[in-house]
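The primary structure of each chain is shown beneath.
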Amino acid sequence: MKPNCPPKSPSSKKSPALAVPVSTPASRSTNQPAPVAKDVFPVVGIGASAGGLEAFTQLLSTLPPDTGMAFVLVQHLSPHHKSELVNLLSKTTAMPVREVEQELPIQPNHVYVIPPNASLTISDGKLVITERLPEQGISLPINTFFESLAHEYKELAIGIILSGNASDGVVGLKNIKSEGGVTFVQTEGSAKFPSMPRNAILSGHADFILPPDQIAAGLARLSQHTFTHIHSFQESGDILDNKKSELDKLFGMIRAATGVDFRHYKSNTIQRRITRRMKVCQIDTFSAYVTFLRKNQAELDLLFQDLLIPVTQFFRDPESFTALQRLVFARLTNLPPSDLPLRIWVPGCSTGEEAYSIAMVVLETLSDTASSRQTRIFATDVNLAMVERGRLGIYPREIEANVSPERLSRFFVPTENGYQISKTIRNMCIFAHQNVISDPPFSKVDLISCRNVFIYFDSPLQRQVLHTFHYALKPNGFLLLGNTETIGVCADLFLLVDKKGNLYQKKSNALVSPVHFKMSELPIIPGTGKQPMSSSPTIFDPEILKEADRLVLARYAPPGVVVNAQLNIVQFRGSTGLYLDPTPGVASLNLMKMAQPGLLPHLSQAISEADRKKAPVRWEGATLELKNGFQGITVVVIPLLMAELPEPHFLVLFEPEPTGLRKPDETKFLPEVSETPPPEWELERTSLRQELVVFKEYLQSVIEKQVATNEELQSANEEALSSNEELQSLNEELETAKEELQSTNEELITVNDELQNRNQELAQLNNDLSNLLDSVEMGFVVLDRELRIKRFTPMAGKILNLIPTDLGRPFSHINPNLHLPDLPSIFDEVVNQFRSKELELQDQTGRWYSLRFKPYKTLDYKIDGMVIALVEIDLLKRSVEAAEFARELSDAILETIQVPMVVLNKTLRIVQINEAFRQRFGVQSGVIVNQPFFELGTLPSKSLPLRTLLEDMLFQNQLFQRVVIELESDTMGRTPTIINVRRIEGHRDPAPLLLLAFELPVP
């Protein structure tokens, strides 16, 4: 196995311990590592079990004694025997080795060993011992220490898993990695007991997978890295300072490869993950790391996985599940089952523990009602690898610490290395790849559980996601957040229901802006590089005012107003009382109604020309009549050309002319009374003035007509606006319908993805089943409750005369080759009485078959038919018949021969005797077989030489034929007899048999 990091270049062969990129001089620090500050140094936790002592000895023997690290060995030890680890390890390293004592301060370049029958944690730089109690159940000391180490030392924590059984340490490695630490795992091939390393490797939390000696070399190199002896980013200087452009490049590479945008994730989290990967890859500068990422797609994938490290477990924060059970699910029991299905959305589901925990609580609360409501739990995550793991639902045995034994027996199925979620729970949960930030959400959801996701988002992103959740929930739907999360940025959207459980309820009457989703027929798939659609800028009135202020303060200082396209005043700027005067009647802010008469023609023409030219217009010559004279006024109109404005706006300014007041004409357009007739020019001037007065009156009437026309146009415009508002309302309804269709489409895509995945699984299972049945030389027929054929194997088709078109036909319509008994009665006995039945039958050709009838059970233990298994036993049957015939023949031959004969087993007990033996030695016919031969009390059984002879035959493998032995008897005395002894090797029983034949006495 290779380290979980991009490999070195082929030219780098000095140390195989850490597979890191070859750094350039510019990217690597040439200085020696900074000295270790007081109480600031890495702590290495080492977990091991069976075979771990050998691996740890190899590690220590090759590890330099001055790494500046502290080492804590946590091994599974017998609670009843004193440990000799300290003495054994002291011989392999120059570092001090000692057994942990209570409240022992930890020091660098020291080795600490856990004592027997103890649980070890670390707090405030001290090792704390807790005695293990028998009632605590399963003990996981490695996980316990690793979790405290990760919480206490964060980036300075290092976890190592060595040889051992079971899976202790997997959860601890996960915690160390999530806090920014580094993890090592021993290779399976080098481990004496590979179970612990294998489970750690399969969990995906191992940064390096190496033999013990290379782990030691890796630790030595890691101790020289810049970040290894720095406890906080503030001490070293933020690596992201003045690196915005390079950070944007990094985000761009991740976005192009995965479709996920991390720009609005919290910088502390991003920084911790990046520095962790830099430490693993032995790169000191951020610029060098960005350059390295461009050339290594594997490292980019690993960084993406690190940025999305899952931190979850079953029934995390039990108070939240208590609140769900009491305030959410319990209410649903009073609703009729015909209501809409219960819909739950779990965004950021990680590896599925949260979704499955909610499913268990739903079943526990609603019982059978849950299935009748068609409960659906949508579990989504942006990390496709986590979604796949959650869909499988396989977890290590460490979940026993968080899941009660009752739930384990009810909702889990034991596997070789852990547990798998039962099919009932998995059918309730639909897993899908989804980005909650950019993808359309699910709609009409009863509950959203989004826990420990907001802790990674900044405030604007939290606000966006909370608006999405508000849209997705039903009226009065519920939102569940993590204990450290809050809806403070959107407190107007949700109501706090349970503070301890952090449960909120949707406010249906909240005023929210429309939610816009990116148009996408398919969810973003990693590697597509699809970018989120940017939304149009929002129009804010303060921006308009700010732009106007900037223009006025930069170029002018006279009074004026800001008007819109209808010449309605939006803002007054400065003192405009000299130029504008409200008219009696209905209040109006229209500029043409409020302007002084002397300004009206000039205002109208200046605004028209400015609108036409889209440029500032300066109009001189306007006269304003005052009490003490006439004032010349210059009207300046400036268009406000802003792309964000929905309609044209104008800035109108009034500039007094610098010539001052002009005296009013005292004649009032009439000549003075004089005795002398006025001159001609005076008469002409008077006539012109009269014409001017008439013109002004006419002009005033035209203006009034224009104002009336404008009012009519305004009325028509208002009607058009009303129609426009109706159209806008209709457009919003269409937009809402479009969003609902998008959500429905997203849901259908998710369900389709799940169905495709299940179809693939079913196809694979069907292939496996077909190949298995074809490879087994047995015939199987599956019948439903109506005795219709559901499935049969080729062997069954051959025996029972079945063809593929017989699927679905009643079995009674088939004319099989076997002479079957009454099948309905067998079905009743097997299915209704839950009994298995076995028969031996012959086919039409006389061949023998064994038929076994068993109930067909579903996964939920329901009887749904019957299975018939057919095995050909013709050879067995005929061999049994032949054996019986041979045995009968041998018995007949033995009884026919007139020579006394007896067959003995290895214990010299009688297996068989013939009639000649009984007559010769006076043995009665009632002698029981298996009786000891030398307890017969007859002539041959009393002979000591005969016993010796037989024992030699049995145990020394000697052969005797025609041996003359004198047999002693009470009636016959000493009688010389010829005995033939034959050793018979057993066929089924390897122990030999002895055949004794007694001939006539020797003359």
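This structure is a prediction, so every number in the text was calculated from the model and none was measured.

Caption draft 1: View of the overall build of the protein. Within the protein, the regular secondary structure consists of 27 helices and 35 strands. Per-residue burial over the protein gives 46% buried out of 1003 residues. In the form shown here, the protein has an accessible surface area of approximately 52,200 Å², with 54% of it arising from carbon and sulfur atoms.

Caption draft 2: Region of the structure containing the side chain of N914. For N914, the location among the structural elements is in the loop between β32 (910-913) and α26 (915-921). Polar contacts involving the side chain of N914 include one to the main-chain amide nitrogen of F917, which spans 3.0 Å.

Caption draft 3: Structural context of the sheet that holds strand β24 (residues 629-640). Across the sheet, five strands lie side by side as β22-β21-β25-β24-β23; this open sheet has antiparallel pairing. At either margin of the open sheet sits one strand with a lone partner, and together these are β22 (569-573) and β23 (617-626). Mean inter-strand twist for the sheet, computed between neighbouring axes without regard to direction, equals 25°. Direction of pairing for β23 relative to β24: antiparallel, over a ladder of eight bridges. Paired with L626 across the bridge in β24 is G629.

Caption draft 4: Fine view of a nonpolar patch on the surface. Judged by side-chain polarity, F885, L889, I893, I897 and V899 come together as a nonpolar surface patch covering roughly 420 Å² of accessible area. Here I893 lies in helix α25 (residues 874-896).

Caption draft 5: Unusual backbone geometry, seen in detail. In this model, E103 sits at a positive phi of 55°, which is unusual for a non-glycine residue. Following the sequence through the fold, E103 ends up in the loop between β3 (97-99) and β4 (104-105).

Caption draft 6: Spatial organisation of the nonpolar core. Formed by 63 residues in total, the largest nonpolar core has its most connected members in I106, F184 and L219. Residues F251, F292, I448 and C490 belong to the second largest nonpolar core, which totals 52 residues.

Caption draft 7: Main features of the pattern of salt bridges. Counted under the stated rule, the structure contains 26 salt bridges. For R451, the salt bridge goes to D317, with nearest N and O atoms at 3.4 Å. With R451 in the loop between β17 (445-450) and α18 (459-472) and D317 in the loop between α11 (297-307) and α12 (318-332), this residue pair connects regions lying 134 residues apart in the sequence. Here R451 falls in the buried class, since its relative accessible area comes to 8%. Close ionic contact of E354 with R451 constitutes a salt bridge, the shortest N to O distance being 3.0 Å. Here R451 lies in the loop between β17 and α18 and E354 lies in helix α13 (residues 353-366), a separation of 97 residues in the sequence. Side by side, E354 and R451 carry an identical accessibility label, which is buried. Because the salt bridges share partners, they merge into one network encompassing K177, D207, R276, R277 and E299.

Caption draft 8: Main features of the environment of S812. Relative to the helices and strands, S812 resides in the loop between α23 (794-800) and α24 (823-832). Assessed through its relative accessible area of 63%, S812 is described here as exposed.

Caption draft 9: The arrangement of the sheet that holds strand β30 (residues 863-872) in detail. Reading across from one edge, β27-β26-β30-β29-β28 is the order of the five strands in this open sheet, with antiparallel pairing throughout. This sheet does not close on itself; its edge strands, each paired only once, are β27 (789-792) and β28 (837-842). Going across the sheet, the axis of each strand differs from the next one's by a mean of 20°, ignoring polarity. In terms of strand pairing, strand β26 (residues 779-783) meets β30 through five bridges, oriented antiparallel. Looking at the pairing, V781 lines up with I868 of β30. Contacts from α24 reach β26, β28, β29 (848-857) and β30, with the element oriented near 115° to β30.

Caption draft 10: A look at the packing of helix α1 (residues 52-61) against helix α6 (residues 212-222). Two elements in contact, α1 and α6, have axes whose closest approach is 7 Å; the angle formed by their N-to-C orientations is 40°. Relative to α6, α1 is oriented oblique. Seen along the crossing, α1 lies across α6 with a hand that is right-handed. Residue-level contacts link A55, Q58 and L59 of α1 to P212, I215, A216 and L219 of α6. Grouping the amino acids of the contact of α1 with α6 by side-chain chemistry returns six nonpolar, one polar and no charged.

Caption draft 11: Main features of the pairing of β28. Bridging between β28 and β29 involves six bridges; their strand directions are antiparallel. Paired with L839 across the two strands is L851, which belongs to β29. Remark: five residues form the turn of the hairpin made by β28 and β29, two consecutive strands paired antiparallel; G846 in that turn has positive phi of roughly 95°.

Caption draft 12: Expanded view of the pairing of strand β15 (residues 418-421). As paired elements, strand β13 (residues 394-396) and β15 share three bridges and run antiparallel to each other. Looking across to β15, one finds that Y395 is bridged to Y419. Where strand β14 (residues 412-414) folds back on β15, the antiparallel hairpin that results is connected by three residues.

Caption draft 13: Summary view of helix α21 (residues 600-613). With 14 residues, α21 extends 20 Å between its outermost C-alpha atoms, agreeing within 8% with the 20 Å of an ideal straight helix rising 1.5 Å per residue. Burial in α21 covers these residues: L600, H602, L603, A606, I607, E609 and A610. K614 sits one or two positions beyond α21 and adopts a positive phi of about 55°.

Caption draft 14: Broad picture of the packing of aromatic side chains. On inspection of all chains with the given rule, the structure shows 18 aromatic pairs. Ring plane angle 85° and centroid distance 5.6 Å describe the contact between W345 and F469, whose orientation is recorded as edge-to-face. Of this pair, W345 sits in strand β11 (residues 343-347) while F469 sits in helix α18, placing them 124 residues apart in sequence. Each member of the pair W345 and F469 is classed as buried. Across the ring face of Y419, the terminal group of R397 is positioned such that the distance to the ring centre comes to 5.6 Å. In this structure, K790 packs its charged tip against the face of Y856, placed 4.5 Å from the ring centre.

Caption draft 15: Structural context of the side chain of R273. Tracing the sequence through the fold places R273 in helix α9 (residues 267-280). Of note is the side chain of R273, whose polar atom sits 2.7 Å from the backbone oxygen of S178. When sequence neighbours within four positions are dropped, the list of residues in contact with R273 reads S178, L303, D306, L307, I309 and Y456.

Caption draft 16: Representation of the confidence of the model for the protein within the structure. With 79% of its residues at a pLDDT of 70 or more, the protein shows a mean pLDDT of 77. Note on residues 1-38: pLDDT is under 50 here. Beyond four places in sequence and across chains, it has 77 contacts. Every residue in residues 663-674 scores below 50 in pLDDT, and together they form nine contacts with partners more than four places removed in sequence or on other chains.

What counts, and where the lines are drawn
- Residues numbered from 1 in each chain as written.
- Predicted model: local features only at pLDDT ≥ 70, side-chain atom pairs only at ≥ 80, totals over all residues.
- Heavy atoms only, no water.
- Helix = DSSP H or I, 4+ residues; strand = E, 2+ residues; numbered from the N terminus.
- Buried < 20%, exposed > 50% of the residue type's maximum accessible area, 1.4 Å probe, protein only.
- Areas by Shrake-Rupley, 256 points an atom, 1.4 Å probe, with all protein chains shown as cover.
- Polar contact = N/O pair within 3.5 Å; in protein donor to acceptor, adjacent residues only side chain to side chain.
- Pairing = 2+ DSSP bridges.
- Axes fitted to C-alpha atoms, helices over the stretch in contact; angles between N-to-C directions.
- Patch = residues over 30% accessible without salt bridge, like charges linked within 9 Å, V, L, I, M, F, W, Y side chains within 5 Å.
- Salt bridge = Lys/Arg side-chain N within 4 Å of Asp/Glu carboxyl O.
- Core = buried A, V, L, I, M, F, W, Y, C linked by side-chain atoms within 4.5 Å.
- Contact = heavy atoms within 4.5 Å.
- Parallel < 35°, antiparallel > 145°, perpendicular 65-115°, else oblique.
- Left-handed = near helix turned anticlockwise from the far one by under 90°.
- Nonpolar A, V, L, I, M, F, W, Y, C, P; charged D, E, K, R; others polar.
- Expected span 1.5 Å × (residues − 1).
- Phe/Tyr/Trp six-rings, centres within 6.5 Å; stacked < 30°, edge-to-face > 60°.
- Lys NZ or Arg CZ within 6 Å of the ring centre and 35° of its normal.
- pLDDT = per-residue confidence, 0-100.

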